[in-house]
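# Structural characterization, general
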Amino acid sequence: MPDSIVARTTLAILALSLLLGAIFALAISIRVQKNEEDRLYVRLQELLSTVESTARVTCYLSDRTLAKEIALGLLSNRAVAGIRIVAGDTTLYETPGAVRAATGDSGMRVISRRINSPFVPTERVGEITLYASQAEMRAQARRYGWNMAVVLGLQVAFVAAGVALVVFMLITRPIRSISNDLHRLEVRSGMRLRVPRTNRSDEIGRLVADVNALICGLTTLLDREHELRIEHQVQERKMKLIFDKAETGIFVLDSNGIVQSWNPAFVRILGLDERMTVAAAPQRLCDLLAPHERHIGDLIQRCLTTGQPCDTDLEITRRGALRSEWIELSINPIGPEGLQGVINDITERKWMEVSARRLASHDALTGLLNRQGVENSLAELFGRSTAARLSQVALLQIDLDYFKEVNDTYGHEAGDRVLCQVARSLESSVRLSDFVGRYGGDEFVAVLVGVHDPAKAQQIANNMIAAIGQPIDIGAGNCAHVSASIGIAFPSEPGETPDAVMRRADAAMYEAKRMGRSRACLASLPASSQSNRVATVEGSST
Amino acid sequence: MHPIRMLLLGLWLLYAQVAGADLAVIVNPASRVEHLSRPQVIDIFLGRYRRLPSGLAAMPIDLRTDAPEREQFYLLLVKKSLPEMNSYWARLVFSGDSTPPFQVADARTALDLVAGNPNAIAYIDSAAVDGRVKVVLELKH
């Protein structure tokens with residue numbers, strides 16, 4: 001019960017009332033004592049007045065009997081300690097010891113009254129002296145004061161008890177009832193607080209109504225929240241499925257580029273350890289994509305700065321893999337401190353792009369560059385090389401002899417085999433830095449880089465002729481024999497186009513055919529007469 | 001006697017009869033007292049001091065209540081009515097120290113007593129005073 005508001009309130013009211021009551025009672029008792037003392041003094045004066053007429057007679061007649069009677073009458077009052085009645089010089093009555101006590105002790109209060117003759121008012125016939133015991137007066141006054149204090153204290157106590165009862169009935173009991181209700185209340189159950197019967201229209205009633213309204217609102221909120229949570233769980237499960245099963249790697253970065261979470265596809269695409277867990281040392285994305293460290297860092301920075309999604313394609317090599325892979329990385333800021341990213345394996349697409357590019361620039365049959373490929377390569381070579389370097393490039397125009405016969409005799413399939421074999425032979429005759437192409441039909445081209453000596457070029461051409469001249473297995477136990485005529489040209493003057501050099505090589509090749517085939521001819525310098533001469537030869541090609 | 005004087009005397013007598021006559025306090029000439037003051041008379045009649053200045057014991061003589069001089073005497077002497085005097089004496093009945101004066105039926109008896117007793121002292125109408133007694137105090141209106 002010490003925790004009960006009822007007990008505390010009641011105790012507080014009672015204690016306060018008793019304290020105040022005691023203080024008041026004390027103050028009143030002191031004041032009453034003082035008053036009472038004065039009142040007793042006045043009363044003693046009055047007492048003397050009542051016996052005055054008898055005292056006059058007594059003193060007038062010096063009657064000791066009457067004097068004694070008066071004295072005894074007065075002494076019956078307990079406050080009167082002594083009486084002395086004097087007539088003239090004669091003491092008619094004196095309480096034994098009273099005068100001595102009065103003169104020696106300040107505890108006596110002396111009231112004297114002059115007594116005149118009853119018949120001659122101006123004639124003094126005696127004196128009556130009353131010795132009042134101050135101690136007794138005080139005691140009486142104190143008793144009176146205490147009685148007053150007790151009465152007052154009792155009154156205060158009753159009032160306090162009444163107030164406590166009223167507070168209990170009107171305030172604490174309803175509050176306890178509400179408190180108990182609230183304690184047992186289950187919000188979801190739809191329970192409401194009961195309004196105490198006596199408090200329907202006062203502040204407590206309003207409080208209960210407001211609390212009920214709050215509970216009602218709370219219930220609605222809780223229901224809504226519950227629905228939202230379920231909805232959220234469903235969404236989360238869906239997302240979880242997508243997250244776990246997606247082919248796309250999904251991850252979250254903090255602003256330092258440390259990977260916070262990821263899905264299985266992320267691990268798979270990057271070829272990471274399957275057991276990689278969050279608990280392991282934090283991994284930075286740029287460490288996972290080590291060769292592109294700087295690039296990734298820039299990307300994250302740009303993304304955070306602009307707040308825009310950024311993406312890039314990266315070539316990576318998985319641990320222990322031979323072939324490189326391509327991934328597409330996209331990151332997108334989510335909130336001020338984080339980034340979400342996705343990675344997709346785009347290796348297939350990249351390879352398709354490469355093969356498409358290859359198809360455009362290579363000959364499908366032999367795998368050598370086609371005309372377009374050669375021209376592109378030459379344009380690039382001529383575009384980026386100085387004149388001095390260009391003088392070290394040799395262009396070879398190669399044409400097969402007797403190929404038409406092979407085609408006609410053994411069919412196109414055999415012809416294709418021959419062409420493929422020739423391509424391999426040509427490739428094996430040049431260095432890797434050189435390149436070889438097929439212009440179509442039995443027409444091939446080779447570009448030798450870093451060769452400036454015509455004799456060297458001549459020698460390589462001779463090697464080619466020798467290699468091509470080997471019998472070629474064309475299936476069904478047959479062999480084909482072809483040879484090659486080769487024209488060699490060097491870029492000879494600044495500004496000469498690859499096309500022009502190629503035409504000169506072409507002319508030199510026809511020269512070789514005319515000279516009896518299976519040989520190489522060096523093109524003449526681009527003089528106008530020579531050009532004309534070559535131009536005339538062109539018309540009689542095979 | 002002159003008729004006007006007669007008339008005046010008659011009027012005075014009438015007045016005296018109505019308002020009460022002057023009173024005289026008388027003693028025996030043998031008491032050797034020439035004169036008494038009013039307080040001395042009061043002390044003797046009211047029991048305080050019953051002794052004459054000459055040393056003789058004083059014996060005050062009062063009249064009965066129905067005597068007209070009595071009321072007159074106490075009114076003139078101490079300004080007290082008869083009931084007041086009765087209550088004074090009643091107060092002293094039990095103490096016994098002081099007693100009321102001896103009472104006689106009328107003024108004549110009182111006069112005779114004083115004439116024959118040197119201790120006696122009484123009051124009578126001034127007009128009734130004769131040679132046998134001595135007036136020691138006159139109480140006038």
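Just so we're clear, the structure is a prediction, and the values are computed from it rather than from any experiment. Throughout this document, residue positions are counted from 1 along each chain, in the order its sequence is written. Chains carry letters and ligands carry numbers; both start at the beginning, A for chains and 1 for ligands, and go up in the order they are written. At least 70 in pLDDT is required for a residue's local features to be given in this predicted model, at least 80 for side-chain atom pairs to be given and counted, and no such filter applies to totals for whole chains, interfaces and linings, which use all residues. Hydrogens are left out, water is left out, and the side-chain values use all remaining heavy atoms of the structure.

### Quick notes on the sheet that holds strand E1 (residues 80–87) of chain A
Residue and element names in this part refer to chain A. Going by this rule: Two strands pair if DSSP finds at least two bridges between them. Helix and strand assignments follow DSSP, with helices taken as H or I runs no shorter than four residues and strands as E runs no shorter than two, numbered in order from the N terminus. Between the N-to-C directions of two axes lies an angle of 0 to 180 degrees, each axis being a line fitted to C-alpha atoms and, for a helix, fitted only over the stretch in contact. We call two residues in contact whenever any of their non-hydrogen atoms come within 4.5 Å of each other.
Read across the sheet, 4 strands follow the order E2-E1-E4-E3 without closing on themselves; strand pairing throughout is antiparallel. The open sheet has two edge strands with one neighbour each: strand E2 (90–94) and strand E3 (108–116). Here the average twist between neighbouring strands, direction ignored, is 15 degrees. In this structure, E1 lies alongside strand E4 (residues 124–133), joined through 7 bridges in antiparallel fashion. Counterpart to Ala-87 in the pairing with E4 is Gly-126. Its contacts with the sheet place helix H2 (residues 52–61) against E1, E2, E3 and E4, and it is angled at close to 65 degrees to E3. In this fold helix H5 (residues 134–184) packs onto E3 and E4, with an angle of close to 55 degrees to the strand it touches most, E4.

### Some points on the interface of chain B and chain A
Accessible area lost when the parts come together is the quantity often used to give the size of an interface. Worth spelling out the cut-off: In short, buried area is how much 1.4 Å probe accessible area vanishes from two parts on joining, totalled over both. A pairing counts as a salt bridge when a side-chain nitrogen of Lys or Arg comes within 4 Å of a carboxyl oxygen of Asp or Glu.
Opposite the 14 residues of chain B that make contact, chain A presents 14 residues. Counting each side, the surface lost to burial between chain B and chain A is near 1200 Å², with a carbon and sulfur contribution of 59%. Ranking the residues of chain B by area buried against chain A places Arg-48, Tyr-88 and Arg-91 of chain B at the top, with a combined share of 47%. Where chain B touches chain A, the interface holds 1 salt bridge. When the shortest N-O distance is used, the salt bridge between Glu-123 of chain A and Arg-48 of chain B registers 3.2 Å.

### Some details on the packing of aromatic side chains
Selection criterion: Here a pair means two rings of Phe, Tyr or Trp (six-membered ring of Trp) with centres within 6.5 Å. Their orientation is stacked below 30 degrees between planes, edge-to-face above 60, and tilted elsewhere. Accessibility here uses a 1.4 Å probe with only protein chains present; expressed as a share of the type maximum, an area under 20% marks a residue as buried, one over 50% as exposed, and anything in between as partly exposed. Look at NZ for Lys and CZ for Arg. If either is within 6 Å of the ring centre and within 35 degrees of the ring normal, a charge sits over the ring.
Under the defined criterion, the tally for this structure stands at 8 aromatic pairs over all chains. Measuring from centroid to centroid gives 5.9 Å for Phe-45 of chain B and Tyr-123 of chain B, while their planes differ by 55 degrees, and the two rings are tilted. You can see Phe-45 of chain B sitting in helix H2 (residues 38–45) and its partner Tyr-123 of chain B sitting in strand E4 (residues 120–125), a full 78 residues away along the chain. For the residue pair Phe-45 of chain B and Tyr-123 of chain B, the accessibility class agrees, reading buried in each case. Summarising the aromatic geometry, the rings of Phe-73 of chain B and Tyr-74 of chain B are spaced 5.1 Å apart at their centres and angled 70 degrees between planes, so their arrangement reads as edge-to-face. Of the two residues examined, Phe-73 of chain B and Tyr-74 of chain B, each falls in the buried class. A network of ring pairs unites the aromatic residues Tyr-60 and Phe-119 of chain A together with Tyr-88 and Trp-89 of chain B as a single cluster. Lying over the aromatic face of Tyr-41 of chain A, Arg-109 of chain A brings its terminal NZ or CZ to 3.9 Å of the ring centre. The side chain of Lys-350 of chain A reaches across the aromatic face of Trp-326 of chain A, ending 4.4 Å from its centre.

### Remarks on the pattern of salt bridges
Residue and element names in this part refer to chain A. Here the structure, examined in full by the defined rule, presents 33 salt bridges over all chains. Put simply, Arg-84 and Glu-94 hold a salt bridge, and the shortest N to O gap is 3.7 Å. Linking Arg-84 in strand E1 with Glu-94 in strand E2, this pair joins segments that are 10 residues apart in sequence. Its salt-bridge partner being Arg-424, residue Glu-427 comes within 3.1 Å of it at the nearest N-O pair. Highlighted residues: Glu-427 and Arg-424, both in helix H14 (residues 412–429), separated by 3 residues, approximately one helical turn. Three or more residues are tied together by salt bridges with common partners; here these are Asp-313, Arg-349, Lys-350 and Glu-353.

### Here's the deal with the packing of H2 of chain A against helix H4 (residues 82–92) of chain B
Worth spelling out the cut-off: Angle categories are assigned with fixed cut-offs, so that under 35 degrees is roughly parallel, over 145 is roughly antiparallel, 65 to 115 is roughly perpendicular, and the rest are oblique.
At a minimum axis separation of 11 Å, H2 of chain A and H4 of chain B run at an interaxial angle of 70 degrees. Between H2 of chain A and H4 of chain B, the interaxial angle falls into the category roughly perpendicular. The segment H2 of chain A lies against H4 of chain B, with Ser-53, Thr-54, Val-57, Tyr-60 and Leu-61 of chain A engaging Tyr-88, Arg-91 and Leu-92 of chain B.

### What to know about the confidence of the model for chain A
Residue and element names in this part refer to chain A. For clarity, the threshold we go by: pLDDT is a per-residue confidence score from the predictor, ranging from 0 to 100.
On average, residues of chain A score 84 in pLDDT, and 92% of them are at 70 or above. No element of chain A has a lower mean pLDDT than helix H17 (residues 528–538), at 40, and none a higher one than strand E15 (residues 483–489), at 93. The low-confidence segment residues 528–542, where pLDDT is below 50, has 14 contacts with residues more than four positions distant or belonging to other chains.

### Structural notes on the pairing of strand E8 (residues 325–334) of chain A
Residue and element names in this part refer to chain A. Relative to E8, strand E7 (residues 310–316) runs antiparallel, the two sharing 7 bridges. Across the sheet, residue Cys-310 finds its bridge partner in E8, namely Ile-331. Hairpin geometry of E8 and strand E9 (residues 338–345) is characterised by an intervening segment of 3 residues between the two adjacent antiparallel strands and by a positive phi of about 75 degrees at Gly-335.

### As for helix H9 (residues 293–306) of chain A
Residue and element names in this part refer to chain A. Defined as follows: One fewer than the residue count of a helix, multiplied by 1.5 Å, yields its expected span. Directions from the helix axis toward the C-beta atoms define the arc.
Here H9 spans 20 Å end to end across 14 residues, near enough to the 20 Å set by a 1.5 Å rise per residue. Of all the residues in H9, the buried ones are Ile-296, Leu-299, Ile-300 and Cys-303. Across the axial projection of H9, the buried residues extend over an arc of 95 degrees, all falling on one side. When the buried face of H9 is taken as reference, the exposed residues oriented beyond 90 degrees from it are Arg-294 and Thr-305. On its buried side, H9 packs onto strand E5 (249–254), helix H8 (285–288), E7, E8 and E9. Of the residues flanking the end of H9, it is Gly-307, one or two places downstream, whose phi is positive at about 75 degrees.

### Considering the domain arrangement of chain A
What counts here: An automatic or database domain assignment supplies the start and end points of every domain.
Split into domains, chain A comes out as domain 1 (5–153), domain 2 (185–245), domain 3 (249–350) and domain 4 (362–538). For domain 1 of chain A versus domain 2 of chain A, the separation of C-alpha centres amounts to 80 Å.

### A closer look at helix H16 (residues 498–514) of chain A
Residues and elements named next belong to chain A. When the terminal C-alpha atoms of H16 are compared, their 24 Å separation across 17 residues agrees well with the 24 Å that a helix rising 1.5 Å per residue should span. Burial analysis of H16 places 12 of its 17 residues in the buried class, which makes it a mostly covered element. Taken residue by residue, H16 has Ala-500, Val-501, Met-502, Arg-504, Ala-505, Asp-506, Ala-507, Ala-508, Met-509, Tyr-510, Ala-512 and Lys-513 as its buried positions.

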